[in-house]
Amino acid sequence: MLLVGANAMAQTPFLAQGQCMQNPDCEADSTSFRDTVSVATKWQWSFGEGGATDTRRNPQHSYMAPGSYTVTLVRTLKSGASETVSKVVQIGELPPEFQEWKIDTTICKGDTLILDPYPNGAPAGAKYIWYPKGDTTQTLKVDSSGCYSVEVIMPNGCKIQNRINVKICMEPQAQEGSKWYFGGNAGLDFSNTPPSPLTDGKLNTPEGTSSIANSKGQLLFYSDGIKVWNKNGDEMTCTFGACAPMKGSPNSTQSVLIVPQPTCRGCEYLYNVFTTSDINGEKLLTVSVVDMRRNHGLGQIIEQNTTLQTPTTERIASVRNDRDSTYWVVSHDYGTNKFRIFHATTGGLVEVSAPELGMAHDSLNKAEGYMKFSSPDSTTGERQLAVVIPGPARNYVELYSFNDSTGTLTYKKTMDLGPAPPIAYGIEFSPSGEKMYVSFQGENGTKSLLKQYDLSLPDSLVIETAITIDSSATQKYGALQFGPDGRIYMAIQGSEYLAVIGEPEGNSLTGVDYERDGANLGGKKSQLGLPNMVQDFTQESQGPGFEADGFCTNEPTTFQASPMCDPIEDTYSWDFLGDGSFTTPSKQQQATYTYTKPGTYMVAMRATNKCTDTTIVQEVTIYETPSNINLGPDKDTCGAYVPLDMKVNAEVYAWINRGRVVGRGRTYNATSTGRYIAIAFNGPQGDCYAADTIEITLRKPPAFSIGPDTTLCRDSSIVLRVQSDRWIEYKWSTGEGTREVTIGQPGQYIVVVKDRNDCYNSDTIKVGELPSPILGLAPENYICIPDGQSVTLDANGREPYEYLWPHSGATTQTITVNQEGKYIVRATNKEGCVTEQTAEVIDKCEPRFFIPDAFTPDGEGHNEILEIFGAYYTNFSIRIYNRWGEVIYATTDIEARWDGTYKGLKVQPGSYPYVLSYEALYYPERNPIVKRGSVMVIR
């Protein structure tokens, strides 16, 4: 409403707009004044409230109370004359604040919520306009999620509004970045997992696009920087008549970016559509505005192609400040090193600063690369801003730090990515901001590349340790864009797929889980561009679940549950061991448990509220906390070093002296005076640790040497000896504590010595090895001496050696012996090394028996008994049978004699079978031997 003072003045009056008292919650709301005299050069306003004045042509003033105010303007004309104009301005009263109004609420699926700004009585004459559908009732029934706002207008034209964000319990939220349209009519829908192809897209463009959905993931509109398409795929109309093409370009890297325009206590229904033109063209940065309240919720363009800056590059990026729900937009000028930082607040879109930082973007090539924000650092809240500056001759990335709260941009460093071509193009950060990915476009015989850079490493190693994830001599790689599913997507020109980095935090080629044909586009084709979005809109949405902190044994592990449907109250119960034993339900979101054993546990959290209940199971790995380290008391000693030992088992060890890591083993030899810190770590982050500190004062010891390096013959030994008598204690690396040690193996040997003044020193000696003769003398040989046998003993030397058999003085390789005993041979090689082996000759005869064929037990005194003779046997037995198979004689004593009787009676003459059994005395491993025969009894 425009009001002019009731009393006409001779001078030209001024205009006043927005004549309502200030809304204390919306500081940008004010009464605006405008002088219509074009020849005025100076202005002095007095607003009639206290001493409030202003000297601008078109000032604003916020009145704190309703009423009549006399506003006076003194204008100075070009001629030098001045005019005074006064006007009474009537400032109206605002509607009363809403009653019992909530900013956010959650309802169960299927429930209905009644929204009413004045449940206890509305002001007379109030009118209402609800967003998003324009309802004009006092109350509104709501059964779906979304942002709802109501504007209350009083008869005096003064109005206030407020919004409420309604959530449906367990329904995904924050899905503004879930709909992607890009390339050749291609698209992806991230409301599904994995994302499904969208094939209804109307844009067909080589490079930059942008799209926007509401918090439920429902498409609002998308653009290629020239046209805007609504959710039905129709070109969006303009409120002021026929739309002109927007000032973006098909060949602009980041041709377009859609950024919400915050409203004071109202839902986001205004969207700034920023465009950058082709760097080879006008170099314009412009903004158009879409109002989603128009055209029955399909939206209309209400402002178009407002120039914000020229000349500009093809770069534009945006982030949200979650502390006040405002948005920052950053662009970069062409020809200089100047950034432009814009702030979209409830007061409108304002350029707040133009810092001059980093390299000048002063060539067409340098003006084409992508610019991207990272997520905010979890500790500092600062974000990184990366700017790709392509070659030729070289590719660069500049890194900056950005503060969401203040909009302050700070230069960090410039990274030289190497020669161009290939040309650096796309860039993206992993969620933590530690990994940075850059795509390179191959040309002139070079390959396209996708590389990962680890920004957590020292600057000198970032480029050196970069990992090449993919390369191609035939395909051109394009934009990189983080998706709402936590993966990074890469455009490949002409491909029916997007490449996908499945694990952006991975530390190796396999660890990043990369697939070139990762996301199917349903037959549509990618080009070089992917949707440019407010960085926060493509972050992974957080659902119900829990986080764990502290993964060490014998220390509390803390579990923090996230609400299922905030602010609906939940109860939580926990199963920490995965054995089905849940704790008693509690309203506390935090719980602790102390694990006593390392391992992987399947922890379950059961959450319940009035709408639903769910159980979340996550794997938690617990690591052993190393035992306490005790380095003992501080030491004041004399020596070359002080041996230190943590005496605990751990995955990683570190010794720290003067702020530097000086050792990585369990033991360490401290070689100088100072303070030493011992730390033993377990776990991937080294969170489970034990530590101790020792102060060492080390005095220089007397000189000490164990002698020059020496050698020993293989399979022999030498004696190492501390010669000087000044040393009284010894500790060898073999573990012995004597003055001398016998060494039988080559290697490096260390001895630590101590004198009577407690001074320590040490020396190392290397013992080499000389070859010894290799013999193959058989260790055991068998002969039967009673049979007159002999055996040849052969030393079997590998090479020509000198031999000596000490028992006889023989010097031949072989000797022949016929006596039991041990026989030694010594062989000497050309190096003088001696090998000695022993062979044992053993008398071992085969068993033997003699059994007569007949005997005559007839009482005549000759051959009256059966005698059996044997030698070299054991476990003897014999059985004699009659013709009916009865055993008539048996014995195990070879000295026993059969007299030819059975049960006291003489047996009849004839032939009697026998069975003889025995074992070889010298060959116990053999089976028993059985012999059968018969003996004749003659009478």
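Criteria and cut-off values
- Residues numbered from 1 in each chain as written.
- Predicted model: local features only at pLDDT ≥ 70, side-chain atom pairs only at ≥ 80, totals over all residues.
- Heavy atoms only, no water.
- Helix = DSSP H or I, 4+ residues; strand = E, 2+ residues; numbered from the N terminus.
- Rg over C-alpha atoms; globule rule 2.2 N^0.38 Å.
- Buried < 20%, exposed > 50% of the residue type's maximum accessible area, 1.4 Å probe, protein only.
- Contact = heavy atoms within 4.5 Å.
- Pairing = 2+ DSSP bridges.
- Axes fitted to C-alpha atoms, helices over the stretch in contact; angles between N-to-C directions.
- Phe/Tyr/Trp six-rings, centres within 6.5 Å; stacked < 30°, edge-to-face > 60°.
- Lys NZ or Arg CZ within 6 Å of the ring centre and 35° of its normal.
- Salt bridge = Lys/Arg side-chain N within 4 Å of Asp/Glu carboxyl O.
- Disulfide = S-S within 2.5 Å.
- Polar contact = N/O pair within 3.5 Å; in protein donor to acceptor, adjacent residues only side chain to side chain.

Participant: Any details on the overall build of the protein? Residues and values, ideally.
Facilitator: The helix and strand tally for the protein stands at 1 helix and 74 strands. The C-alpha atoms of the protein give 49 Å as radius of gyration, which overshoots the globular expectation for 939 residues (30 Å, by more than 25%). Taken across its 939 residues, the protein has 47% of its residues classed as buried. Within the protein, contacts between residues separated by at least 24 positions form 54% of all contacts whose residues are at least 6 apart in sequence.

Participant: Which residues make up the sheet that holds strand E35 (residues 448-454), and what values go with them?
Facilitator: The strand order E33-E34-E35-E36 describes an open sheet built from 4 strands, whose pairing is antiparallel. Each edge of the sheet is formed by a strand with only one pairing partner; in this case those strands are strand E33 (423-429) and strand E36 (467-472). For this sheet, the mean inter-axis angle between neighbouring strands, taken without regard to orientation, is 15°. Where E35 meets E36, 5 bridges bridge the pair, whose relative direction is antiparallel. Bridged to Leu449 within E36 is Ser471.

Participant: Break down the packing of aromatic side chains for me, citing the residues and quoting the values.
Facilitator: Under the counting rule described, the total for this entry stands at 43 aromatic pairs. The interplanar angle of 50° and the centroid separation of 4.5 Å between the aromatic rings of Trp180 and Phe190 together place this pair among those described as tilted. Residue Trp180 is found in strand E15 (residues 179-182), and its partner Phe190 is found in the loop between strand E16 (186-189) and strand E17 (196-197); the two are separated by 10 residues along the sequence. Ring centres of Phe681 and Tyr689 lie 6.4 Å apart, and the angle between their planes is 45°; this geometry places the pair in the tilted category. By relative accessible area, which is 47% here, Tyr689 ends up partly exposed. Ring-pair connections join several aromatic residues into one group, and the members of that group are Phe546, Phe559, Trp574, Phe576, Tyr593, Tyr595 and Tyr601. Over the aromatic face of Trp727 sits the side chain of Arg726, whose NZ or CZ is 5.5 Å from the ring centroid. For Arg926, the ring lying beneath its charged end belongs to Tyr923, and the centroid distance is 3.9 Å.

Participant: A description of the pattern of salt bridges should follow, citing residues and the corresponding values.
Facilitator: One pass over the structure, following the stated rule, counts 36 salt bridges. Note that Asp459 is salt-bridged to Lys413, the shortest N-O span being 2.7 Å. Of this pair, Asp459 sits in helix H1 (residues 459-462) while Lys413 sits in strand E32 (residues 409-419), placing them 46 residues apart in sequence. The class of Asp459 is exposed, set by a relative accessible area of 53%. Given a relative accessible area of 16%, Lys413 falls into the buried group.

Participant: With reference to specific residues and values, describe the pairing of strand E42 (residues 556-562).
Facilitator: In the case of a regular strand, side chains alternate between the two sheet surfaces. The side-chain alternation of E42 yields one buried face, formed by Thr557, Phe559 and Ala561, and one unburied face, formed by Pro556, Thr558, Gln560 and Ser562. In terms of strand pairing, strand E41 (residues 545-549) meets E42 through 5 bridges, oriented antiparallel. Within the sheet, the bridge partner assigned to Ala548 lies in E42 and is Phe559. From the end of E41 to the start of E42, which pair antiparallel, there are 6 residues, and Gly550 there has a positive phi angle of about 95°. Across 5 bridges, E42 lies against strand E44 (residues 590-594) in antiparallel orientation.

Participant: Residue-level account of the environment of Val741, with values.
Facilitator: Tracing the backbone shows Val741 in strand E57 (residues 740-743). Distance from Val741 to Ser717, taken between C-alpha atoms, is 10.0 Å for residues 24 residues apart in sequence. Those residues in contact with Val741, other than ones at most four positions away along the chain, are Ile718, Val719, Leu720, Trp732, Thr734 and Glu736.

Participant: Lay out unusual backbone geometry with the relevant residues and their values.
Facilitator: That bond from Thr193 to Pro194 is cis: its omega, -5°, falls within 30 degrees of zero. Relative to the assigned elements, Pro194 resides in the loop between E16 and E17. The linkage connecting Pro421 with the following residue, Pro422, adopts the cis geometry, with an omega of 0°. Positive phi values are uncommon outside glycine, yet Asn295 reaches one of about 55°. Inspection of the secondary structure puts Asn295 in the loop between strand E23 (285-291) and strand E24 (300-309). Positive phi outside glycine occurs at Asp715, with the angle close to 65°. Inspection of the secondary structure puts Asp715 in the loop between strand E54 (710-713) and strand E55 (718-721).

Participant: So what about the state of the cysteines? Which residues, and what values?
Facilitator: Applying the stated criterion across every chain yields a total of 9 disulfides. Note that Cys238 is cross-linked by a disulfide to Cys243, the S-S spacing being 1.9 Å. In this structure, the disulfide formed by Cys238 and Cys243 twists by about 125° around the S-S bond and is classed as right-handed. Note on Cys243: relative accessible area 32%, which makes it partly exposed. Between the sulfur atoms of Cys713 and its disulfide partner Cys833 the distance amounts to 1.8 Å. As the torsion about the S-S bond is roughly -75°, the Cys713-Cys833 disulfide counts as left-handed. Of this pair, Cys713 sits in strand E54 while Cys833 sits in the loop between strand E64 (821-828) and strand E65 (834-843), and the two are 120 residues apart along the sequence. Across the pair, exposure class does not vary: Cys713 and Cys833 are buried alike.

Participant: I'd love a proper account of the environment of Gln309, names of residues and values included.
Facilitator: In this fold, Gln309 is placed in strand E24. By relative accessible area, Gln309 is classed as buried at 11%. Note: C-alpha distance between Gln309 and Thr84 (225 residues apart in sequence) is 37 Å. Each residue touching Gln309, except ones within four places of it in the same chain, is listed here: Lys283, Leu284, Leu285, Asp333 and Arg340. A polar atom in the side chain of Gln309 sits 3.2 Å from the side chain of Arg340.

Keep in mind these values describe shape, not function.
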